[in-house]
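Structural description and commentary
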Amino acid sequence: MTEKAYIVDDKKIYVYDNMFTDDVVFGIAIKSKRSVFQRKEYSNDETKLFYSAHFELEDIMSTKFYKQIVEKIYEKFDINVKLQSARINAQTFGDMSEIHIDSDVGGITVLYYINEVWDKEWGGETVYYEKGEPVVNVLPKSGRIALADSRISHVGRSPTRQCTGVRHTLALKFERVD
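Here the residue index of a chain counts from 1 through its sequence in written order. In view of the model being predicted, local features appear only for residues whose pLDDT reaches at least 70, and side-chain atom pairs are presented and counted only at 80 or more, with totals across whole chains, interfaces and linings using the full set of residues. The side-chain values count all of the structure's non-hydrogen atoms but skip hydrogen atoms and water molecules.

1. Focus on the nonpolar core
Definition in use: The term nonpolar core refers to a set of buried residues drawn from Ala, Val, Leu, Ile, Met, Phe, Trp, Tyr and Cys, joined through side-chain atoms within 4.5 Å. Burial classes: relative accessible area under 20% of the type maximum marks a residue as buried, over 50% as exposed, and values in between as partly exposed (1.4 Å probe, protein chains only). We count a stretch as a helix when DSSP gives it H or I for four or more residues in a row; a strand needs E for two or more, and each element gets its number in order from the N terminus. We call two residues contacting when some pair of their heavy atoms lies within 4.5 Å.
In this structure, F65, I73, I145, L172 and F174 are the most contacted members of the largest nonpolar core, which totals 27 residues. Where this core is concerned, the elements lending two or more residues are β2 (11-17), α1 (22-34), α3 (64-77), β5 (80-91), β6 (108-113), β9 (145-149) and β11 (167-177). Considering each element in turn, this core owes the most residues, five residues, to α3. Apart from the residues lying within four places of it in its own chain, the contact partners of F174 are Y66, I69, V70, I73, V81, K82, L83, Q84, G107, I108 and V110. Residues Y113, Y128, A146 and A171 belong to the second largest nonpolar core, which totals twelve residues.

This is how it looks when you write it as C-alpha cells:
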C-alpha cells in the first residue's frame, strides 16, 4: 500500500493505492456494474444534475472494505465517524460538475475509484482547492481511495472526449460523532 498525504487549508487529505485486496476491489466493481443509475442528484447548484446509484448503508457497513476505511479514518484523523450516505457517482464526457464542499461542520468524505482500467489521458481527476486555486489533483486510478476532510472544496472532473466509458466513484460521506 502506498500513501500520499496533503494539507489544504489546515485540513487533511490522504490518498492510497493498493489498500484493498483484489477480491474487495472486484466486489465493488461488480456492485457498480449492477447498479441502476438515476440522474437526480445535485452538487450545490440545482441546475446541474448528475448520475448516481445509492447503496443501502447496512450493505456497505457489513463489508471488510468499510471496516478498513473506518479504521484508517480513526488512525489518520483521530475521530469517530458515522456513515451518513453511500452512493456510486457516474460521469461521462460533457457532464457538468462544480466546485463544492460536502459539509461545513466537518466530517470525512471518502472517494473510491472503481473503474478497473483508467488511462491518464482520460482526465476525470478529483481536484481539491485552497483559496479558490487547485492544489491537489487525484487521478481516478483503479483501486485508488481518497480520504478528505469534508470541508475542503473539491470537484470531480468529467472524463475527456478520449474516454468512451464512464468514470465511477463510490462516495462515502461520514459525519463526526463524539
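That covers the picture; the talk isn't over yet.
2. Observations concerning the packing of aromatic side chains
Inclusion rule: Ring pairs shown here join Phe, Tyr and Trp side chains whose ring centres sit within 6.5 Å, with only the six-membered ring taken for Trp; geometry is labelled stacked below 30 degrees between planes, edge-to-face above 60, and tilted in between.
Taken as a whole, this structure holds seven aromatic pairs when the rule is applied. Ring centres of Y14 and Y16 lie 6.5 Å apart, and the angle between their planes is 20 degrees; on these two criteria the pair is classed as stacked. No difference in accessibility class separates Y14 from Y16, as the two residues are buried. Between the aromatic rings of F65 and Y112, the centroid separation amounts to 5.1 Å while the plane-to-plane angle is 70 degrees, which identifies the pairing as edge-to-face. Taken together, the positions of F65 in helix α3 and Y112 in strand β6 put the pair 47 residues apart, joining distant regions of the chain. Look at F65 and you get buried, because its relative accessible area is 1%. Classification of Y112 by relative accessible area gives buried; the value is 1%. The rings of Y14, Y16 and F77 are connected pair by pair, giving a single aromatic cluster.

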